[in-house]
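One-letter residues, chain by chain:
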Amino acid sequence: MKAPCLKFENPIQDAISRIRFAPTSNNLLISSWDSNLRLYDVDKAVLRLQVPVEAALLDCCFEDEAVCLTSACDGFVTRYDVQDETKQLLGKHEDLATCVECSIATRQIFSAGWDKKILSWDPRISGAIRPPTYVDAEVRSMSVSSTNLMIAVGKSVLIYDLRYFNHPVQAKKSCMDFHIRCLRSFSDSKGFAAGSIDGRVALDTVQSSELLDKGYAFHCNPKSKDGKKYLCAVNDIAFNPGAFGTFVTGSNDGHVIGWNAQSKKRQFEMPRYANSVAGVSYNFNGQLLAVASSHAYHEAKEIEEEPKIFVHAMDEGFIASMSAGSSARK
């Protein structure tokens, strides 16, 4: 089953760093290394907004339907008003700003980066609203859900309560041998899934959850033809808001695979993409899944061709067909 590829009058010229669907619509936010922020209306198949910036964008997120945020390799964290097409520089890290998130619960904006700092921003106030929080290593990924802020530092996940935030309330050390590449919160905000650079995914709880009674880890990439498993980064993870406990992983070898966290089983496997899967994102009701096929600057063998974004319609028929195709390839 082929998914439509988003059409751009001016193609994306460099690696895609992040894709995210809007909170309540099918608008897709795209950040990339070509120093452009794009907002694509998937329903109408049109590019609503393209904003050129001065540095490569490393992350993006929505504050709400009308406002979005970016973090860039020059350290700047920027806020954009989509309707007015205006921007506001919130502040700056001393090194690459790798992550940006917004808490709907507290209306705070958080950023982190290679300067080993977590900064908290308020768009109504110039500068950070509290002193920086320092961690022991560069931050490669983070996730906000409800009042929890989760930070990936090396092989560990630090969990902060946004209502207090003086120090982490928990520190979870993963059972993986390599550092965490991506970190995403459970749909119920009570745990997380972390993907590592060696192709493994670890799931763990921060409090009692219906989704999981205890943590576990598994190798999510299919075996090669010779039956061996190779180190291949998990670039992104996305939980389906319309199907509790299900999520997809996107890997550097071009695989997108759906999983059920409770049954610990694979649901489906999409046909392999020609390039790395740089990002995955479900829309607000879980009926659409966007996949960014793009080099990600993680391995020398990546194909540096024009990045593409595909949008799949997710339904039982799609999952059944993908599952059947996956079984046939075993």
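Not measured: the values here are computed from a predicted model. (Residues numbered from 1 in each chain as written. Predicted model: local features only at pLDDT ≥ 70, side-chain atom pairs only at ≥ 80, totals over all residues. Heavy atoms only, no water.)

**What about the overall build of the chain?**
Heads up, the condition is: Under the scheme used here, helices are H or I runs from DSSP no shorter than 4 residues and strands are E runs no shorter than 2 residues, and both carry numbers assigned from the N terminus. Radius of gyration: C-alpha atoms only; globule rule: 2.2 Å multiplied by the number of residues to the exponent 0.38. Working definition: with a 1.4 Å probe on protein chains only, accessible area under 20% of the residue-type maximum means buried, over 50% means exposed, and in between means partly exposed. Working rule for contacts: check all heavy atoms of both residues, and any pair within 4.5 Å makes them a contact. The Shrake-Rupley method, run with a 1.4 Å probe, gives the accessible areas here. Residue values count only the displayed protein chains as cover. By the counting scheme adopted, Arg and Lys are positive, Glu and Asp are negative, and His together with the chain ends is not counted. Charge coordinates come from a single atom per side chain, which is NZ of Lys, CZ of Arg, CG of Asp or CD of Glu.
Scanning the chain from terminus to terminus reveals one helix and 27 strands. Taken over the C-alpha trace, the chain has a radius of gyration of 19 Å; the compact-globule value for 330 residues is 20 Å, and the two agree within 12%. Projecting the C-alpha coordinates of the chain onto the three principal axes gives extents of approximately 55 × 45 × 35 Å. For the chain, buried positions account for 58% of its 330 residues. If you take every contact in the chain between residues at least 6 apart in sequence, the share linking residues at least 24 apart comes to 45%. Surface summary for the chain: the accessible area is close to 14600 Å², and the carbon and sulfur share equals 49%. Positive and negative charge centroids in the chain, built from 37 and 39 side chains respectively, lie 7 Å apart.

**Section: the packing of aromatic side chains**
Convention followed: For Phe, Tyr and Trp, where Trp contributes only its six-membered ring, two rings pair if their centres lie within 6.5 Å, and the inter-plane angle classes them as stacked under 30 degrees, edge-to-face over 60, or tilted in between. A ring is considered to have a charge above it if a Lys NZ or an Arg CZ atom is located within 6 Å of its centre and within 35 degrees of its normal.
Tallied over the entire structure, the rule returns six aromatic pairs. Ring centres 5.5 Å apart and planes at 65° place the aromatic pair Phe186 and Phe239 in the edge-to-face group. Residue Phe186 is found in the loop between strand E17 (180–185) and strand E18 (191–196), and its partner Phe239 is found in strand E21 (residues 234–239); the two are separated by 53 residues along the sequence. An angle of 40° between the planes, with centres 5.2 Å apart, marks the rings of Phe239 and Phe247 as tilted. Since its relative accessible area comes to 11%, Phe239 is described here as buried. Joined through ring pairs, the aromatic side chains of Phe186, Phe239 and Phe247 make up one cluster. Over the face of the ring belonging to Phe76 we find Lys92, whose NZ or CZ atom lies 5.6 Å from the ring centre. One Lys or Arg, Lys264, reaches over the ring of Tyr216 and ends 4.6 Å from the middle of that ring.

**Comments concerning the environment of Trp114**
Take Trp114: it is sitting in the loop between strand E10 (109–113) and strand E11 (117–121). Remark: the alpha-carbon pair of Trp114 and Ala97, spanning 17 residues in sequence, is separated by 6.7 Å. Discounting chain neighbours no more than four positions away, the residues touching Trp114 are Asp95, Leu96, Thr98, Glu138, Val139 and Arg140.

**Some remarks on the sheet that holds E11**
Backbone hydrogen bonds hold the strands of a sheet together, and the pairing may be parallel or antiparallel. Keep this limit in mind: Two strands are said to pair when DSSP picks up at least two bridges between them.
One open sheet holds the four strands; their spatial order is E9-E10-E11-E12, and the pairing between them is antiparallel. Across the chains shown, the open sheet's two edge strands, defined by having one partner strand only, are strand E9 (97–102) and strand E12 (133–134). Across two bridges, E11 lies against E12 in antiparallel orientation. For Ile118, the partnering residue across the bridge sits in E12 and is Thr133.

**Digging into unusual backbone geometry**
Even without being glycine, Glu85 reaches a positive phi, approximately 55°. Of note, Glu85 is situated in the loop between strand E7 (76–81) and strand E8 (86–92). Judged by its relative accessible area of 60%, Glu85 falls in the exposed class. Phi at Ser189 takes a positive value of approximately 70°, unusual for a residue other than glycine.

**Considering the nonpolar core**
Here is a general trend for soluble globular proteins: nonpolar side chains tend to be buried in one another's company. Using the following cut-off: Each nonpolar core is a collection of buried residues, namely Ala, Val, Leu, Ile, Met, Phe, Trp, Tyr and Cys, held together in the definition by side-chain atoms within 4.5 Å.
Counting 17 residues, the largest nonpolar core has Val201, Leu203, Phe218, Ile237, Phe239 and Phe247 as the members making the most contacts within it. When residues of this core are traced back to their parent elements, those giving at least two are strand E19 (200–205), strand E20 (216–219), E21 and strand E23 (256–260). Ranked by the residues each element gives to this core, the list is headed by E21, at three residues.

**Some points on the pairing of E19**
Across the six residues of E19, five count as buried, placing the element largely inside the fold. Sheet topology places E18 next to E19; five bridges connect them, and they run antiparallel. Looking at E19, one finds that Gly191 is bridged to Thr205. Count of turn residues in the E18/E19 antiparallel hairpin: three residues, of which Gly199 carries a positive phi of about 90°. Across four bridges, E19 lies against E20 in antiparallel orientation. By the bridge assignment for E20, Val201 is matched with Phe218.

**Considerations on the pattern of salt bridges**
Counted only if it meets this: Here a salt bridge means any side-chain nitrogen of Lys or Arg lying within 4 Å of a carboxyl oxygen belonging to Asp or Glu.
Summed over the entire model, instances satisfying the criterion amount to twelve salt bridges. Across the pair Asp59 and Arg20 runs a salt bridge, and its minimum N-O distance is 3.5 Å. Highlighted residues: Asp59 in strand E5 (residues 57–64) and Arg20 in strand E1 (residues 16–21), separated in sequence by 39 residues. Given a relative accessible area of 13%, Arg20 falls into the buried group. Between Arg107 and Glu63 there is a salt bridge, with the nearest N and O atoms lying 3.6 Å from each other. Here Arg107 is found in the loop between E9 and E10, whereas its partner Glu63 is found in strand E5, with 44 residues between them in sequence. Residue classification places Glu63 among the buried residues on the basis of a relative accessible area of 8%.

**Here we look at the sheet that holds strand E2 (residues 27–32)**
Just so we agree on the cut-off: What counts as an axis is a line fitted to C-alpha atoms, over the stretch in contact for a helix, and the angles between N-to-C directions run from 0 to 180 degrees.
An order of E1-E2-E3-E4 is seen for the four strands of this open sheet, with the pairing classed as antiparallel. Of all the strands in the sheet, the pair left with one neighbour each is E1 and strand E4 (46–52). Pairs of neighbouring strands in the sheet enclose a mean axial angle of 15°, with direction left out of account. The sheet contact formed by E2 and strand E3 (residues 36–41) spans five bridges and is antiparallel. When the sheet's bridge partners are listed, Leu28 is paired in E3 with Tyr40.

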